[in-house]
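What follows is each chain in one-letter form.
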Amino acid sequence: MTTSGAEGKEALGVQVRLLSVLVLVEAIAMVLFVVLDVVSALRAADAEWGAVWFVLVVMGSWAAGLVAVSRGVLSGSRWSFTPTLLTQVLFGVAAVSFFGAAEPLARVIWGVVLVYAIVVLRLLFSRPVREHLVYDNA
């Protein structure tokens, strides 16, 4: 039995929609980071352009992938589970790793990144999301 587009969107749980939005916000944050990195490199006379290009390509590609993952979460694509999980684990490990040696403002930012990753992981493993992404597609 198929449902119309409006009924299908209403059938999505709050957790599924929130997870999709949070993954999209991560993608936007990554793009903003890339933009800030490029702008700061343009202003600096001694910028390491190899590192800037690396960040631009890697983070830009990753952000584009997260946009696709966000759409995949909404559509119930099973493949969207793993990139969401991997992103949160990597962000969590980075936050814990960089937290100790960071300046006070950077500690706040890395703390927010860690809490954000934990919230997204909690949503990812919630029953409605697992049913939508994993069990419905088995």
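Use the structure listed above.
Below or above, wherever it landed, is the structure these notes cover. These numbers come from a predicted model, not from an experiment.

About the thresholds
- Residues numbered from 1 in each chain as written.
- Predicted model: local features only at pLDDT ≥ 70, side-chain atom pairs only at ≥ 80, totals over all residues.
- Heavy atoms only, no water.
- Core = buried A, V, L, I, M, F, W, Y, C linked by side-chain atoms within 4.5 Å.
- Buried < 20%, exposed > 50% of the residue type's maximum accessible area, 1.4 Å probe, protein only.
- Helix = DSSP H or I, 4+ residues; strand = E, 2+ residues; numbered from the N terminus.
- Contact = heavy atoms within 4.5 Å.
- Axes fitted to C-alpha atoms, helices over the stretch in contact; angles between N-to-C directions.
- Parallel < 35°, antiparallel > 145°, perpendicular 65-115°, else oblique.
- Nonpolar A, V, L, I, M, F, W, Y, C, P; charged D, E, K, R; others polar.
- Salt bridge = Lys/Arg side-chain N within 4 Å of Asp/Glu carboxyl O.
- 1 Å grid on protein atoms, 1.4 Å probe; cavity = no way out; pocket = protein on both sides within 12 Å on 5 of 7 lines; lining within 4 Å.
- Points joined across faces, edges and corners; volume = space filled by probe spheres on them.
- Arc of directions from axis to C-beta.

1. Some points on the nonpolar core
Part 1 of the argument: Counting 22 residues, the largest nonpolar core has Leu-19, Met-30, Val-73, Leu-124, Val-129 and Leu-133 as the members making the most contacts within it.
Part 2 of the argument: Those elements giving two or more residues to this core turn out to be α2 (14-43), α3 (49-75), α4 (81-99), α5 (104-124) and α6 (127-135).
Part 3 of the argument: If you tally residues by element for this core, the top one is α2, at seven residues.
Part 4 of the argument: Leaving out residues up to four positions away in the same chain, Leu-124 has contacts with Leu-19, Phe-81, Thr-84, Leu-85, Val-129, Arg-130 and Leu-133.

2. So, the packing of α3 against α4
Part 1 of the argument: It is the contact of α3 with α4, at a shortest axis distance of 10 Å, that shows an interaxial angle of 130°. In terms of orientation, α3 lies oblique with respect to α4. Each of Trp-62, Leu-66, Val-69 and Val-73 in α3 lies in contact with α4, whose residues at this interface are Pro-83, Thr-84, Thr-87, Leu-90 and Phe-91.
Part 2 of the argument: For the contact of α3 with α4, the class distribution of residues is seven nonpolar, two polar and no charged.

3. Section: the pattern of salt bridges
Part 1 of the argument: Across all of its chains, the model carries one salt bridge by this definition.
Part 2 of the argument: A salt bridge links Arg-127 to Glu-131, with the nearest nitrogen and oxygen atoms 3.6 Å apart. Of this pair, Arg-127 and Glu-131 both sit in helix α6, four residues apart, roughly one helical turn.
Part 3 of the argument: We classify Glu-131 as partly exposed; its relative accessible area is 34%.

4. Quick notes on the layout of surface pockets
Part 1 of the argument: In this structure, the largest pocket encloses a volume near 690 Å³.
Part 2 of the argument: Of all the secondary structure elements, the ones that give two or more residues to the lining of the largest pocket are α2, α3, α4 and α5.
Part 3 of the argument: Taken together, the residues of the lining of the largest pocket sort by class into 19 nonpolar, one polar and one charged.

5. Some points on α6
Part 1 of the argument: Buried residues of α6: Val-129, His-132 and Leu-133, and no others. Along the axis of α6, the buried positions cluster into a sector of 80°, meaning they face one direction only.
Part 2 of the argument: At its buried positions, α6 is contacted by α2, α3, α4 and α5.

All quantities given are derived from atomic positions and should not be read as evidence of function.
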